[in-house]
Amino acid sequence: MIRRSKILILSLLCVNYACIGCNQPAARDVPSLGVKLTDYHAHLKGGLTLEEVLAAGKKNGITYGIAQNCGKGFPVTDDAGLLAFVESIRGKGVYVAVQAEGREWVTMFSPAALARADYVFTDAMTWTDSKGRRMRLWMPEEVFIEDPQPFMDELVDTIEWILNNEPVDLYANPTFLPAVIAEQYDALWTIERMDRVINAAVKNGVAIEINSKLRLPSESFIRRAKAAGATFSCGTNNAGKNDLGNLEYSRQMIAKCGLTQKDLFTPKPEGQKAVQRKKLPQPRRTETR
Ligand SMILES: [Zn+2]
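Residues numbered from 1 in each chain as written. Predicted model: local features only at pLDDT ≥ 70, side-chain atom pairs only at ≥ 80, totals over all residues.

## Some words on the overall build of the protein
Then, in step 1: Of the regular secondary structure elements, the protein holds ten helices and twelve strands.
Then, in step 2: Out of the 289 residues in the protein, the part that is buried amounts to 39%. (Helix = DSSP H or I, 4+ residues; strand = E, 2+ residues; numbered from the N terminus. Buried ≥ 20, exposed ≤ 12 C-beta atoms within 10 Å, placed from the backbone.)

## Here's the deal with the nonpolar core
Then, in step 1: If you look at the biggest cluster of nonpolar residues, it comprises 70 residues, and the most contacted ones within it are I66, A97, V98, V120 and L170.
Then, in step 2: Take this core: its biggest share by element is six residues, from helix α5 (residues 148-165).
Then, in step 3: Discounting residues that sit within four places of it in the chain, V98 has contacts with A67, Q68, C70, L82, L114, A117 and V120. (Core = buried A, V, L, I, M, F, W, Y, C linked by C-beta atoms within 7 Å. Contact = placed C-beta atoms within 7 Å.)

## Considering the packing of helix α7 (residues 191-203) against helix α8 (residues 219-227)
Then, in step 1: Orientation of α7 relative to α8, taken along the N-to-C sense of each, is 45°, at an axis distance of 10 Å. One finds that α7 runs oblique with respect to α8. For α7 against α8, the interelement crossing comes out right-handed. Along its contact with α7, which presents M194, D195 and I198, the element α8 presents F221, R224 and A225.
Then, in step 2: Residues of the contact of α7 with α8, tallied by class, amount to four nonpolar, no polar and two charged. (Axes fitted to C-alpha atoms, helices over the stretch in contact; angles between N-to-C directions. Parallel < 35°, antiparallel > 145°, perpendicular 65-115°, else oblique. Left-handed = near helix turned anticlockwise from the far one by under 90°. Nonpolar A, V, L, I, M, F, W, Y, C, P; charged D, E, K, R; others polar.)

## Overview of the pairing of strand β12 (residues 232-235)
Then, in step 1: Every second residue of β12 is oriented toward a common face, with F232 and C234 on one face and S233 and G235 on the other, all of them buried.
Then, in step 2: Sheet topology places strand β11 (residues 207-211) next to β12; four bridges connect them, and they run parallel. The residue bridging I208 from the neighbouring strand is F232, located in β12.
Then, in step 3: Taking the sense of rotation as the criterion, the β-α-β connection linking β11, α8 and β12 turns out right-handed. (Pairing = 2+ DSSP bridges. Right-handed = clockwise from strand over helix to strand, strands pointing away.)

## A few points about the packing of α5 against α7
Then, in step 1: Running from N to C, α5 and α7 point in directions that differ by 10°, and their axes come no closer than 9 Å. Of the possible angle classes, the one that applies to α5 and α7 is roughly parallel. Of the residues in α7, those in contact with M152, V156, I159, E160, L163 and N164 of α5 are R193, R196, V197, A200 and A201.
Then, in step 2: Looking at the contact of α5 with α7 residue by residue, the classes come out as seven nonpolar, one polar and three charged.

## Thoughts on helix α9 (residues 248-256)
Then, in step 1: Taken as a whole, α9 has its buried residues at Y249, S250, R251, M253 and I254.
Then, in step 2: Tucked into the core, α9 has its buried residues touching β4 (35-42), β11, α8 and β12.
Then, in step 3: The first or second residue beyond α9 is G258, which carries a positive phi of 65°.

## Concerning the confidence of the model for the protein
Then, in step 1: Per-residue confidence for the protein gives a mean pLDDT of 91; residues scoring 70 or more make up 90%.
Then, in step 2: Across residues 7-21 the pLDDT falls below 50, and counting only partners more than four positions away or on other chains, this stretch makes 14 contacts in the model. (pLDDT = per-residue confidence, 0-100.)

## As for the pairing of β11
In summary, the side chains of a regular strand alternate between the two faces of the sheet.
Then, in step 1: Across the five residues that make up β11, a large majority, five, are buried.
Then, in step 2: Residues A207, E209 and N211 of β11 are buried on one face, and the alternating residues I208 and I210, pointing to the opposite face, are buried as well.
Then, in step 3: Here strand β10 (residues 170-171) runs beside β11; their pairing, made up of two bridges, is parallel. Directly across from Y171, in β11, lies its bridge partner I208.

## Some points on α5
Given 3.6 residues per turn, any residue in an α-helix points the same way as the ones three and four places further on.
Then, in step 1: Across its 18 residues, α5 extends 25 Å between first and last C-alpha, which sits within 8% of the 26 Å expected from 1.5 Å per residue.
Then, in step 2: For α5, every residue scored as buried is listed here: F151, L155, V156, I159, I162 and L163. Relative to the axis of α5, the buried residues are bounded by an arc of 135° and lie together on one face. Facing away from the buried surface of α5 by more than 90 degrees, the exposed residues are Q149 and P150. (Expected span 1.5 Å × (residues − 1). Arc of directions from axis to C-beta.)

## Brief notes about unusual backbone geometry
Then, in step 1: The omega torsion across L216 and P217 is -10°, close enough to zero to call that bond cis.
Then, in step 2: Mapped onto the fold, P217 is located in the loop between β11 and α8.
Then, in step 3: With phi around 45°, N173 is a residue other than glycine that occupies positive phi space.
Then, in step 4: Mapped onto the elements, N173 comes out in the loop between β10 and α6 (185-188).
Then, in step 5: Although it is not a glycine, N237 sits at a positive phi angle of roughly 65°.
Then, in step 6: Judged by C-beta crowding, with 22 C-beta atoms within 10 Å, N237 ranks as buried.

Here's what the structure looks like:
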């Protein structure tokens, strides 16, 4: 009798929180969309607690992946910090993720430590241009655009290089443009440029995030990517307690573009994670452009 109730308790834990054996959270179907929804890009920032994330997930039918920003100028800069983060989150009903920052991250962490996370993702918002200027595209004072056309060409080159060389499972904040040119998004993201990014993602098995906070990428980008065989992950990239949202844009795009479960990313099993398939490269050098 005691044994039976123990088994029952364990099964309930498995369904409601995490598969104890494989450390994976359990996802639920969202009937109106016909898919299981996971927000693979949430942060415990601005006082947001894991308990609050789990409560939001329960209310909205969303499973979460909690990411730590890892890289130059961020809270975690080495294996010890990365492993401490993984241990603090592991087995608590969410995926554990590394958001790899800047282009220097490939020299700062070991493949073994990175592989302790369920997945690794990055974006193309921090890079050094051909004139040697390190930019963070969301910081207006760090953005240098003399002419949007060559900037776009360099941005697309950079995204392609990242997807071809850096061992990441997801491309986050995709197609983000700095505020100064953001209004020209549709004109600057030409079909040719979209296709270069899409093809690099497909070729490298990198899923493309549908970001609900930034409402990126555009619907036409998602449609082209789907036709090319890309997979997608839903994500928010909340900055604090009050902007976790409910994956509104991701839900809209799933419905509008007819995405099904097979179009959506699932973290790869042990041995097949990007960081286990691809070597960490040397960071891209300015003079090689
Ligand atoms: Zn983020």
